[in-house]
There are 6 protein chains.
Amino acid sequence: MRRAICPGSFDPCTNGHLDVFSRAAEMADEVIVAVLINKTKSSLFTVAERIEMLQEVVAPLPNVKIDSFHGLLVDYCRERQAQVIVKGLRAVSDFDYELQMAQMNYRLSRLETVFISTNPLYGYLSSSLVKEIATYGGDVAGLVPDLVLERLLEKISGTIRA
Amino acid sequence: MRRAICPGSFDPCTNGHLDVFSRAAEMADEVIVAVLINKTKSSLFTVAERIEMLQEVVAPLPNVKIDSFHGLLVDYCRERQAQVIVKGLRAVSDFDYELQMAQMNYRLSRLETVFISTNPLYGYLSSSLVKEIATYGGDVAGLVPDLVLERLLEKISGTIRA
Amino acid sequence: MRRAICPGSFDPCTNGHLDVFSRAAEMADEVIVAVLINKTKSSLFTVAERIEMLQEVVAPLPNVKIDSFHGLLVDYCRERQAQVIVKGLRAVSDFDYELQMAQMNYRLSRLETVFISTNPLYGYLSSSLVKEIATYGGDVAGLVPDLVLERLLEKISGTIRA
Amino acid sequence: MRRAICPGSFDPCTNGHLDVFSRAAEMADEVIVAVLINKTKSSLFTVAERIEMLQEVVAPLPNVKIDSFHGLLVDYCRERQAQVIVKGLRAVSDFDYELQMAQMNYRLSRLETVFISTNPLYGYLSSSLVKEIATYGGDVAGLVPDLVLERLLEKISGTIRA
Amino acid sequence: MRRAICPGSFDPCTNGHLDVFSRAAEMADEVIVAVLINKTKSSLFTVAERIEMLQEVVAPLPNVKIDSFHGLLVDYCRERQAQVIVKGLRAVSDFDYELQMAQMNYRLSRLETVFISTNPLYGYLSSSLVKEIATYGGDVAGLVPDLVLERLLEKISGTIRA
Amino acid sequence: MRRAICPGSFDPCTNGHLDVFSRAAEMADEVIVAVLINKTKSSLFTVAERIEMLQEVVAPLPNVKIDSFHGLLVDYCRERQAQVIVKGLRAVSDFDYELQMAQMNYRLSRLETVFISTNPLYGYLSSSLVKEIATYGGDVAGLVPDLVLERLLEKISGTIRA
């Protein structure tokens, strides 16, 4: 596996995402974490902010790069000459949707998707749940990398002040 | 991904298995298809017969080797210096069990399992279903490689004669 | 839908099975309830006993007939010129297995399977659960037709005496 | 089964839908494909456009008619004197929701729902996925009937121009 | 189990909810049914109306109280000194999401969630389905308590007049 | 919740079981861990051995008692005047079967079953997997209580010598 893509919104990235990046980095020569630019979906962090946080988070992983894309994932992978998408699976409801996408992407351009079983400790983690808890003052330390925690709290207090 | 293991009973191997082998061979430098030797479970083909059929089936895939093992998969993988198990996922009921095994294997020795979404055409295929259909005279051509089909029919007619 | 088949072991038939028969009888011109003869699986009632009970149970449904078969269901359906199999679905775990069988049967001979959502009242019913409860003296009245209840109790007291 | 209803949005209809229509047409004397008019949900094609495409698509199936409805499906079925709804099931996540609707519709007016296992080749197909891929210039030929493909491309280039 | 919380929107409460309340009341010394105040989600009934209906509905259950909360459920439970959340499970799709929430709540503050298997008769019931059916003139008697039925019909006719 | 029952085979008990016992002990005044005596199923440890290990394992939990039973769980619970069964849920495949049993037990004698979401760390644990790993010399420390580990290794080495 020469080059693998980890696509997602990462708004913000969690320790569950980081677990997937590290495990993908063990398997592929090069891993590209690719932030999906989706103008029709509102987000807490801008794409630039998300990329910046991801770059710091994956700094200890030398073969992981950060990038962004819009449009079809199959087109982006072709352009980057990546053969494989790597995804973490948490639960059965993930599986059903992800299997559908994987089969469609394989049909569209023989793009392969491999699924990693995530660390069970992160099975209940999602970016949206983390944001919801932090917004109401809940403690999300240990659920996201420290530098994400800091910016998440700043962002939320700024949002509340605004 | 330098060396990946595809473990299974392969009694006999089907076109669904072959699909997984070919896709694993695209991703890893070397793929070892490893037949599990399980003396407590009865089988139609001997381990030797299964290995022989697999060798012919994967002949066109230069980086795929056939082997057998008994005991724990994690021990076998350590011995063969393989870092990754590759499995095809067909349905949700597969997923639940396989995820449990994957998490246990990761805990036992950081052995990684990656799941490939199988070709939907083979989603309903299993060795046991193929044997059952063939036993009652049903047509399994197209479900197994041709050379497997031939030996399956011989084996079954021999079993009935015996 | 001219002729539909409801295959099964029916060891013994439950009110859940009867619910499926009645609903199939509303949809098809003729319904054949077909008892699978499986010599490798032990059963509480003989095939003859099961057929006799079924005949009494479906007596009020004029377009339902009882029959038995062995071998492949697709062969039996072709022989009886039936185009459709009717199955009740109770739970997700049923669904996964039944979908696999349905897709295989469709591939083998274009035999169609239709699934009926069973009455939620019978969602937790199965022949094996009914037998287990009755064996330990639990009350299964209301779970099986009255005439089945009577013979089930006779059979179990006979088994215990034996 | 005299008259069966295949309800849906069909925005636009895919080869998966067409597979369900053809199989329903084999089982019922008459099949009505009924477009749900839902004013609160935005759509790519108008109801009139969807009906026109469906009429061309089912032209080779003499016992399939196209219609539209709003309000409750049970009321529409009663009005059209249809006894049965036919639905294609693709995945487990479909099943859970559809079973809930089926049990509610049965309770509301004894309206029966039968589920067909779709062709595994179309398991990953949905109207929304087709629209998303086409919008980004992906190739959806083979996923929708040819006449739908043509209008989908026109519609999307028109939307982009607008 | 001294004090248990049944959280939800209850817009409006159904006979399925009432079934959960009664069963929780058998197990805990005190049950608090807590209406989640969510200003970003539109509702048919105001929080005050929902509380009033719930109070009438649970009047025969002496150890069940009605309350409302906003913010994080874990904070509300700590404030009310409740150790346990009680939830009814209807289907597998419920389970996946609820298990994720339960594990997060346990991590956040050792808050325990227990799941009750609902009466299969109410497995297909949800507030949103009840509202949809009633809006189109369908009969929801038997799905909600009588006093809820009355106000639901008033509310809907008022909405239509408005 | 005055008295709750945790039924099972516990051959042997794992840290996942212990997690369920401790959490049940927080919720109920008294918890009875009840070993099912099933003469038709072979086991590694005798019922007496399993009871002895359980007694040592739950020694720090003053309101947890160990017992054994045969026959129907509903009869045992009635005899012990227990109103509630407590079960840990690990995965979706557990859920389907357990929900069926829970609904049957409720119907048989209004016996309530509550499900606890297990610690995700133990989601992949089962007695049979632990036995299989230990048999092949794998390391199961941390998966079972220390005293169970010791006897498991003794038992297995004895089995191999025998």
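Details of the structure are given in the entry above.
Every value quoted in this text rests on a predicted model; they were computed, and no experiment measured them.

Engineer: What is the right way to look at the sheet that holds strand S1 (residues 3–8) of chain C in this model?
Structural biologist: Pairing between sheet strands relies on hydrogen bonds along the backbone, with the strands arranged either parallel or antiparallel. Strands sit in the order S3(C)-S2(C)-S1(C)-S4(C)-S5(C)-S5(D)-S4(D)-S1(D)-S2(D)-S3(D) across an open sheet of 10 strands; the sheet is mixed. The sheet terminates laterally at strand S3 (64–69) of chain C together with strand S3 (64–69) of chain D, the two strands that pair on one side only. Taking the axes of each pair of neighbouring strands and ignoring which way they run, one obtains an average angle of 35° across the sheet. Note: strand S1 (residues 3–8) of chain D against strand S2 (residues 30–36) of chain D, 6 bridges, orientation parallel. Along S2(D), the bridge assignment pairs D:Gly8 with D:Val35. Of the strands in this sheet, S1, strand S2 (30–36), S3, strand S4 (84–89) and strand S5 (112–117) of chain C together with strand S4 (84–89) and strand S5 (112–117) of chain D touch helix H1 (residues 15–27) of chain C, which is tilted by about 120° from S5(C). Helix H2 (residues 47–57) of chain C contacts S2 and S3 of chain C of the sheet and is inclined by roughly 155° relative to S2(C).

Engineer: What should I look at first to understand the interface of chain C and chain B in this one?
Structural biologist: Interface size, as often reported, equals the accessible area lost upon joining of the parts. Counting residues at the interface gives 10 residues for chain C and 16 residues for chain B. In total, about 1100 Å² of surface goes out of reach between chain C and chain B, with carbon and sulfur atoms giving 67% of it. There are 0 salt bridges connecting chain C and chain B. Counting residues per element, the side of chain C that touches chain B draws most heavily on helix H4 (residues 92–109) of chain C, which supplies 7 residues.

Engineer: What is the right way to look at the interface of chain B and chain A in this model?
Structural biologist: Between chain B and chain A, the residue contacts involve 23 residues of the former and 23 residues of the latter. Summed over both partners, the interface of chain B with chain A comes to about 2000 Å²; 62% of that surface belongs to carbon and sulfur atoms. Taken together, chain B and chain A are joined by 2 salt bridges. With a closest N to O distance of 3.0 Å, B:Glu112 and A:Arg23 form a salt bridge. At the boundary of chain B with chain A, the tally comes to 3 residue pairs in polar contact (both at pLDDT 80 or more). Considering each element in turn, the side of chain B that touches chain A owes the most residues, 7 residues, to helix H4 (residues 92–109) of chain B. Pairing between strand S5 (residues 112–117) of chain A and strand S5 (residues 112–117) of chain B: 3 bridges, direction antiparallel. Its bridge partner lying in S5(B), A:Ile116 is registered against B:Val114.

Engineer: Would you take a moment to explain the pairing of strand S2 (residues 30–36) of chain B for this structure?
Structural biologist: Side chains on a regular strand alternate between the two faces of the sheet. Residues and elements named next belong to chain B. The element S2 is largely enclosed, with a buried count of 6 among its 7 residues. Crossover strand S1 (residues 3–8) to S2 through helix H1 (residues 15–27) is right-handed. For S2 and strand S3 (residues 64–69), the ladder comprises 6 bridges, and the chain directions are parallel. From the neighbouring strand, Val31 faces S3, where its bridge partner is Val64. In this fold, the crossover linking S2 to S3 by way of helix H2 (residues 47–57) has right-handed handedness.

Engineer: Would you mind going over the side chain of B:Gln103 with me for this structure?
Structural biologist: For B:Gln103, the location among the structural elements is in helix H4. If near-sequence neighbours (up to four positions away) are discounted, B:Gln103 is found in contact with A:Ser117, A:Thr118, A:Pro120 and F:Tyr124.

Engineer: Looking at this structure, I do not really get the side chain of B:Ser117. What am I missing?
Structural biologist: Within the element layout of this structure, B:Ser117 appears in strand S5. Leave out the neighbours within four places in its chain, and B:Ser117 touches A:Leu99, A:Ala102, A:Gln103, A:Thr113, A:Phe115, B:Arg23 and B:Leu89.

Engineer: Would you take a moment to explain the sheet that holds S5(B) for this structure?
Structural biologist: In space, the 10 strands of this open sheet follow the order S3(A)-S2(A)-S1(A)-S4(A)-S5(A)-S5(B)-S4(B)-S1(B)-S2(B)-S3(B), with mixed pairing throughout. In the strand order of this sheet, the two ends are held by strand S3 (64–69) of chain A together with S3 of chain B, each with one partner. Sheet twist, expressed as the average angle between the axes of neighbouring strands with direction ignored, equals 35°. Summarising the sheet, strand S4 (residues 84–89) of chain A and S5(A) pair through 6 bridges and their orientation is parallel.

Engineer: What's the story with the pattern of salt bridges in this structure? I'm lost.
Structural biologist: When their charged atoms lie close together, side chains carrying opposite charge are able to pair. Residue and element names in this part refer to chain D. Scanning the model with the defined rule gives 66 salt bridges over all chains in all. Here Glu52 ties to Arg151 by a salt bridge, and the two come within 3.3 Å at their closest N and O atoms. Highlighted residues: Glu52 in helix H2 (residues 47–57) and Arg151 in helix H6 (residues 146–161), separated in sequence by 99 residues. Given a relative accessible area of 41%, Glu52 falls into the partly exposed group.

Engineer: What's the story with the relation of the copies chain B and chain A in this structure? I'm lost.
Structural biologist: The second copy of the chain is related to the first by a rotation about an axis and a shift along the axis. Mapping chain B onto chain A is achieved by rotating through 180° and translating by 0.0 Å along the same axis, at an RMSD of 0.0 Å. Both copies are brought into coincidence by an operation consistent with a two-fold rotation axis.

Engineer: I would appreciate a short explanation of the relation of the copies chain C and chain B in the present structure.
Structural biologist: Each copy superposes on the other: chain C lies on chain B with an RMSD of 0.0 Å after a rotation of 120° and an axial shift of 0.0 Å. The two molecules are tied by a three-fold rotation axis, judged by turn and shift.

Engineer: What exactly am I supposed to notice about the packing of aromatic side chains here?
Structural biologist: Centre-to-centre distance and the angle between the planes together describe a pair of aromatic rings. According to the stated counting rule, one finds 12 aromatic pairs over all chains in the structure shown. Here the aromatic rings of B:Phe69 and B:Tyr76 are separated by 4.9 Å at their centres, their planes lie at 25°, and the arrangement is stacked. Looking at B:Phe69, the relative accessible area reads 6%, which means it is buried. With a relative accessible area of 5%, B:Tyr76 lands in the buried category. The ring centre of B:Tyr106 lies 3.8 Å from the NZ or CZ of A:Arg23, which sits over that ring.

Engineer: Would you take a moment to explain the environment of C:Leu143 for this structure?
Structural biologist: Structurally, the position occupied by C:Leu143 is in the loop between helix H5 (127–135) and helix H6 (146–161). We classify C:Leu143 as buried; its relative accessible area is 2%. Discounting chain neighbours no more than four positions away, the residues touching C:Leu143 are C:Thr14, C:Asn15, C:Tyr124, C:Leu125, C:Val130, F:Met104 and F:Arg107.

Engineer: Would you mind going over the state of the cysteines with me for this structure?
Structural biologist: Linking two cysteines covalently via their sulfur atoms produces the bond known as a disulfide. Going through the model one piece at a time under the given rule, you end up with 0 disulfides over all chains. Of all cysteine sulfurs in the structure, the one in B:Cys77 sits closest to B:Cys6, which takes part in no disulfide; the separation is 10 Å.

Rules of the game
- Residues numbered from 1 in each chain as written.
- Chains lettered and ligands numbered in written order.
- Predicted model: local features only at pLDDT ≥ 70, side-chain atom pairs only at ≥ 80, totals over all residues.
- Heavy atoms only, no water.
- Pairing = 2+ DSSP bridges.
- Helix = DSSP H or I, 4+ residues; strand = E, 2+ residues; numbered from the N terminus.
- Axes fitted to C-alpha atoms, helices over the stretch in contact; angles between N-to-C directions.
- Contact = heavy atoms within 4.5 Å.
- Buried area = accessible area lost by both parts, 1.4 Å probe.
- Salt bridge = Lys/Arg side-chain N within 4 Å of Asp/Glu carboxyl O.
- Polar contact = N/O pair within 3.5 Å; in protein donor to acceptor, adjacent residues only side chain to side chain.
- Buried < 20%, exposed > 50% of the residue type's maximum accessible area, 1.4 Å probe, protein only.
- Right-handed = clockwise from strand over helix to strand, strands pointing away.
- Least-squares fit on C-alpha atoms with pLDDT ≥ 70 in both.
- Phe/Tyr/Trp six-rings, centres within 6.5 Å; stacked < 30°, edge-to-face > 60°.
- Lys NZ or Arg CZ within 6 Å of the ring centre and 35° of its normal.
- Disulfide = S-S within 2.5 Å.

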